[in-house]
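Structural description and commentary
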Amino acid sequence: MIALKRHYEERIFTSLNTAFMIAFSVLMLYPFWNTVAVSFNEAVDTVRGGVTLYPRRFTLQNYKMVFSTGTIFHAFFVSVARTSINMFVNVFLTAMIAYVLSRPNFMFRKPFTMILVISMYINAGLIPTYFLIKNLGLLNSFWVYVIPGMVNAFNFLVIRTYLKTIPESVIESVRMDGGGDLKIFFSMIIPLSMPVLATVGLFVAVGSWNSWFDTLIYASSKVNLHTLQYKLMEYLQSSQSQARSSGEVGAMALAKTSSLVTPVSIRAAITVIASAPILFIYPFMQRYFVVGVNIGGVKE
Amino acid sequence: MQKHIIPSIRIQKLIKTAGTQRQLLIMSVPIILYVILFSYVPLWGWTMAFQNFRPAKSFQNQEWVGLRWFKFLFSDPVFLQTVRNTVMMSLINTTLGFISAIAFALLLNELKNISFKRLVQTVSYLPHFLSWVIVTGLVSTMLSVEDGALNNLLMYLQLIDEPILWLSEPNYFWGVVGGTYVWKELGWNTIIYLAAISGIDPTLYEAAEIDGCNRWQKMLHITLPSIKPTIIILLIMSVGHILDAGFEMQYLLRNGLVQDVSDTIDIYVLMYGLQRSNYSLATAAGLFKNVVNISLIFLANEFAKRAGEERLI
């Protein structure tokens, strides 16, 4: 009897838990799913309300409109450029310093490691950093997206932890053949640490793709440096009530040029475009990021 | 031994080491100089907090004003309001974040079907990788008064008669921010607990089953105590970030109607510093935040060490 009762309890719990998980997944997916549906729905029809899971009147008009202005196309290009350059430079330099500081008898190993680790905890703040960028002449320059983020102290720890798993004898074998540290780094360390470099690279890329605040403070007055996320931010802010002053530059202006689109539809289309690359690489990231998190968790 | 080596020999030895390690030096010195330039040199800018800083003047000609800006800050009701908002939103987000992540990890762990579990997990991480711009955009669409999903649902269930202005009612703002934070980060926050749970010795569960423990008792007496160290260390660490309530979420969700509850210290710094060009006041506010932050982090580390955990720094 007791066993039977327990059996029923188990089944009730499992069904409830499964139902909860399904409801949870819907809650996670619905906002984005709905936006995709709206972005493919005729703008005038969307205004009537009630578009939920699929476009009621399918159209590509919203996307055509978004790309016809050219600014979104250009912003997309800026985002792609900053993301790829950022990723390669950051991974390369962070891996290089991680290799050097993983050498047990490197003369400056301790002070250099300290300098990197402490930099994770101190932060000069917005205004002093702004003046540094200004004094370096990086304001309203494309390089403001790359130069401040060339090395990442946390990723340094992640990569260094990984490098410790490479046996010293493998490194020594290259040295025996007369190879210096540069040769060891390029011909041995980079290929051997590809898994961790891919993980770190993906995180750097996602962070770079998603950032908009650097555009706001360092390059907002230069329209051709606006990234896709920044453009989306402008559109979102301009269609909210408080940003009437900048409203003309945003979705309203775009919507006004045609009676076929509305700010809501334009916003939906840009949201989909701005998240598409993330969704595209997401399946690949899955494989890597849990590894990255676990390595990072060993020593933060 | 080394103490007896006379300085000139030590220097010679150093030069010799530098010679054999020159490739390592070429690879590292520029990077370290770069880190110093971007992380340490700007600390000099903190002097602005004690000056009446004018960008056009050189450093020697700046007027020093002592603690004037700090005195101003602590008598400025707007600043004190931003401190309150920062701390409150931080506490709400941390509390909601912890409870939801632990509960979700425990429930996920009970799923027997591995592929279903993996599917739910995959879905739950997804929002973490979307930008705050996209997430706040989705949130404002869902909470909109015109055809927003939440209002539609509540109206359909006849819980409300007319749409609620979720985003322009000050009473709801902290809740909206908390909900948005949980929606975006819940899955991600769960990973570390799931890793801790997977490290639990399965024989513990088997022994408990023989003793007649049910699912709930196993959760309470085995799973939770096993992940307690992880929970404690994460809690201690979050103390160090009490003034980092986030900036993007509040900046993107705020509007004129809710600014009394939405504006954090970071937004105050941005408004006074870069929009009104009162650099000294903004630097003072930022310095206050950073000093509190760093002290809290060190305090938290000290606590963690006492608790026998050495994973922080």
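Let us look at the structure shown here. (Residues numbered from 1 in each chain as written. Chains lettered and ligands numbered in written order. Predicted model: local features only at pLDDT ≥ 70, side-chain atom pairs only at ≥ 80, totals over all residues. Heavy atoms only, no water.)

Thoughts on the packing of aromatic side chains
A complete count under the given rule lists 39 aromatic pairs over all chains for this structure. Aromatic pair Phe74 of chain B and Phe79 of chain B: ring centres 5.9 Å apart, planes at 85°, arrangement edge-to-face. Through successive ring pairs, a cluster of aromatic residues spans Tyr130, Phe131 and Tyr218 of chain A together with Phe53 and Tyr279 of chain B. Directly above the aromatic system of Trp132 of chain B lies the positively charged group of Lys184 of chain B, at a separation of 4.6 Å from the ring centroid. Positioned above the aromatic ring of Tyr272 of chain B, the side-chain terminus of Arg276 of chain B is 4.6 Å from the ring centre. (Phe/Tyr/Trp six-rings, centres within 6.5 Å; stacked < 30°, edge-to-face > 60°. Lys NZ or Arg CZ within 6 Å of the ring centre and 35° of its normal.)

A word on the interface of chain B and chain A
Counting residues at the interface gives 81 residues for chain B and 92 residues for chain A. Across the chain B/chain A interface, buried area totals approximately 7600 Å², and carbon plus sulfur atoms make up 74% of it. Here chain B is connected to chain A by one salt bridge. Two residues, Glu10 of chain A and Arg215 of chain B, come together in a salt bridge whose shortest N-O distance is 2.8 Å. The tally of links between chain B and chain A comes to 22 residue pairs in polar contact (both at pLDDT 80 or more). When residues of the side of chain B that touches chain A are assigned to their parent elements, the largest contribution, 15 residues, is made by helix α2 (residues 22-40) of chain B. In terms of residue class, the side of chain B that touches chain A is built from 56 nonpolar, 19 polar and six charged. (Contact = heavy atoms within 4.5 Å. Buried area = accessible area lost by both parts, 1.4 Å probe. Salt bridge = Lys/Arg side-chain N within 4 Å of Asp/Glu carboxyl O. Polar contact = N/O pair within 3.5 Å; in protein donor to acceptor, adjacent residues only side chain to side chain. Helix = DSSP H or I, 4+ residues; strand = E, 2+ residues; numbered from the N terminus. Nonpolar A, V, L, I, M, F, W, Y, C, P; charged D, E, K, R; others polar.)

A look at helix α6 (residues 132-142) of chain B
With 10 of its 11 residues buried, α6 of chain B lies for the most part within the structure. Residues of α6 of chain B that are buried include every one of Trp132, Val133, Ile134, Val135, Thr136, Gly137, Leu138, Val139, Ser140 and Met142 of chain B, and no others. (Buried < 20%, exposed > 50% of the residue type's maximum accessible area, 1.4 Å probe, protein only.)

Remarks on the environment of Val182 of chain B
All names here are of chain B. Tracing the sequence through the fold places Val182 in helix α8 (residues 170-198). For Val182, a relative accessible area of 17% puts it in the buried group. A C-alpha to C-alpha distance of 5.8 Å links Val182 and Gly97, two positions 85 residues apart in sequence. Ignoring any residue separated from it by four or fewer positions in sequence, one finds Val182 in contact with Leu96, Gly97 and Ser100.

Notes on the side chain of Asp181 of chain A
Inspection of the secondary structure assignment puts Asp181 of chain A in helix α9 (residues 181-192). When its relative accessible area of 5% is taken as the criterion, Asp181 of chain A is described as buried. Look past the residues within four positions of Asp181 of chain A in its chain and what remains in contact with it is Tyr99, Arg103 and Arg175 of chain A together with Gln23, Leu24 and Met27 of chain B.

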